[in-house]
Amino acid sequence: MKIGIIGGGSIATFLLQSINVDRVLPHCTVESVLVRRPEVAEEWENRYGVNGYQDLNAFMDSGIDLVVEAATVQAVQEYAEKVIAKRKDLVIISVGALVDQELYQRLNDSCRQSGTRIMLPSGAIGGLDVIHSAMSSGQLESVSLTTRKPPLSLIGREVEIEEVVFEGTATEAISKFPKNINVAIVLSLAGLGSDKTTVKIVADPQATKNTHCIEAVGAFGRMTIQLENDPMPSNPKTSYLAALSVLSSLKKKTEYISIG
């Protein structure tokens, strides 16, 4: 499978190193990248053997089978529909763009008409398979997310005791903490939606890493999952698990026997 990547940040670099150098996905190659800075394109052409582009049409016509968006919400808004129109499957990392219900519906309709698919990696959390399974028969009753982060990274100051900085729906959390709550968006899309998913965000002076606790209740029973995420070595602002989940999505795309 020939892959194109939109974006020039840490996750894009991780994918290039993992796929083209370390060969962790032997049936995949990153062929092309779409980046804004010509110097990044030139560096990656030399280091990873890819073709660098600043023009979307040239990028899309470079022989790729699938596109990974590893940039920003704005990149999804600008490029996603054009990628689908070219009948390319798309992996979206900046899932915050899909809070826009009109964009979500347009992408859904475009995929149905063109026969393409959009994949949303699980990111920095787990348990989405259970939630999606329960939701498939309408037997999911409640979903909640509690996120704990070091105070300095969350609210820009230290605290002596833990401080609940937000408690409400995922819709409200996404609006008030757009850079800190991508996990709530994926959780909402897999389950009950953002208006029925509850979120608590805590500034915890004892926390050294970001932790996410997911609780779900339904006809299947009860699920509780807690994840403590290590950051990517190259970028402490990005969860390493989030980057790994992109590799997992690509691996599933190449497998004939799929698990989960």
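The rules behind the values
- Residues numbered from 1 in each chain as written.
- Predicted model: local features only at pLDDT ≥ 70, side-chain atom pairs only at ≥ 80, totals over all residues.
- Heavy atoms only, no water.
- Helix = DSSP H or I, 4+ residues; strand = E, 2+ residues; numbered from the N terminus.
- Expected span 1.5 Å × (residues − 1).
- Bend = angle between axes of the 7 residues up to and from the residue.
- Buried < 20%, exposed > 50% of the residue type's maximum accessible area, 1.4 Å probe, protein only.
- UniProt positions renumbered as here; feature names shortened; annotations may be inferred.
- Contact = heavy atoms within 4.5 Å.
- Polar contact = N/O pair within 3.5 Å; in protein donor to acceptor, adjacent residues only side chain to side chain.
- Pairing = 2+ DSSP bridges.
- Right-handed = clockwise from strand over helix to strand, strands pointing away.
- Salt bridge = Lys/Arg side-chain N within 4 Å of Asp/Glu carboxyl O.
- Axes fitted to C-alpha atoms, helices over the stretch in contact; angles between N-to-C directions.

Moving on: helix H4 (residues 73-85). Between the first and last C-alpha of H4 there are 19 Å, a value that for 13 residues agrees with the 18 Å anticipated at 1.5 Å per step. Along H4, the helix axis deviates most sharply at Tyr79, where the bend reaches about 45°. Listed in full, the buried residues belonging to H4 are Ala75, Val76, Tyr79, Ala80, Val83 and Ile84. Once H4 ends, the next one or two residues include Arg87, with phi positive near 60°.

This part takes up the UniProt feature "active site" (unreviewed entry) in the protein. The positions that UniProt labels "active site" (unreviewed entry) are, in the present scheme, His212. Along the polypeptide, His212 turns up in strand E10 (residues 210-218). Every residue in contact with His212, bar those within four places of it in the chain, is listed here: Ala124, Ile125, Leu145, Thr146, Thr147, Val183, Ile225, Gln226, Leu227 and Asn229. In this structure the side chain of His212 is engaged in a polar contact, spanning 3.0 Å, whose partner is the side chain of Thr147.

In terms of burial, strand E1 (residues 2-6) is largely enclosed, as 4 of its 5 residues are buried. Relative to strand E2 (residues 29-34), E1 is paired through 5 bridges, and the arrangement is parallel. Each bridged residue has a counterpart across the sheet, and for Ile3 the counterpart in E2 is Val30. Of the crossover connections in this fold, the one passing from E1 over helix H1 (residues 10-21) to the parallel E2 is right-handed. Across 4 bridges, E1 lies against strand E4 (residues 66-69) in parallel orientation.

Turning our eyes to something else, we now look at the pattern of salt bridges. Any two side chains of opposite charge can pair, on the condition that their charged atoms come close. Throughout the structure, instances matching the rule amount to 14 salt bridges. Between Lys86 and Asp61 there is a salt bridge whose closest N-O contact spans 3.4 Å. A residue pair is termed long-range when its members are at least 10 positions apart, and Lys86 in the loop between H4 and strand E5 (89-92) and Asp61 in the loop between helix H3 (56-60) and E4 qualify at 25 residues. Between Glu255 and Lys251 there is a salt bridge, with the nearest N and O atoms lying 2.4 Å from each other. On the accessibility criterion, Lys251 (41% relative accessible area) is partly exposed. The network of salt bridges with common partners includes Arg148, Glu162 and Asp204.

The sheet built from 5 strands is open, its strands ordered E8-E9-E7-E10-E11 with mixed pairing. At either end of the open sheet lies a strand with only one pairing partner, and these are strand E8 (163-169) and strand E11 (221-229). Averaged over neighbouring strand pairs, the angle between their axes works out to 10° when direction is ignored. Two strands pair when backbone bridges link them, and strand E7 (residues 140-149) and strand E9 (residues 197-203) are joined in this way by 7 bridges, in the parallel orientation. Bridging across to E9, Leu145 finds its partner in Val199. Along the sheet face, helix H6 (residues 128-136) touches E7, E10 and E11 and points at about 160° away from the line of E7. Most of the contacts of helix H9 (residues 182-190) go to E7, to which it runs at about 170°, and overall it touches E7, E9 and E10.

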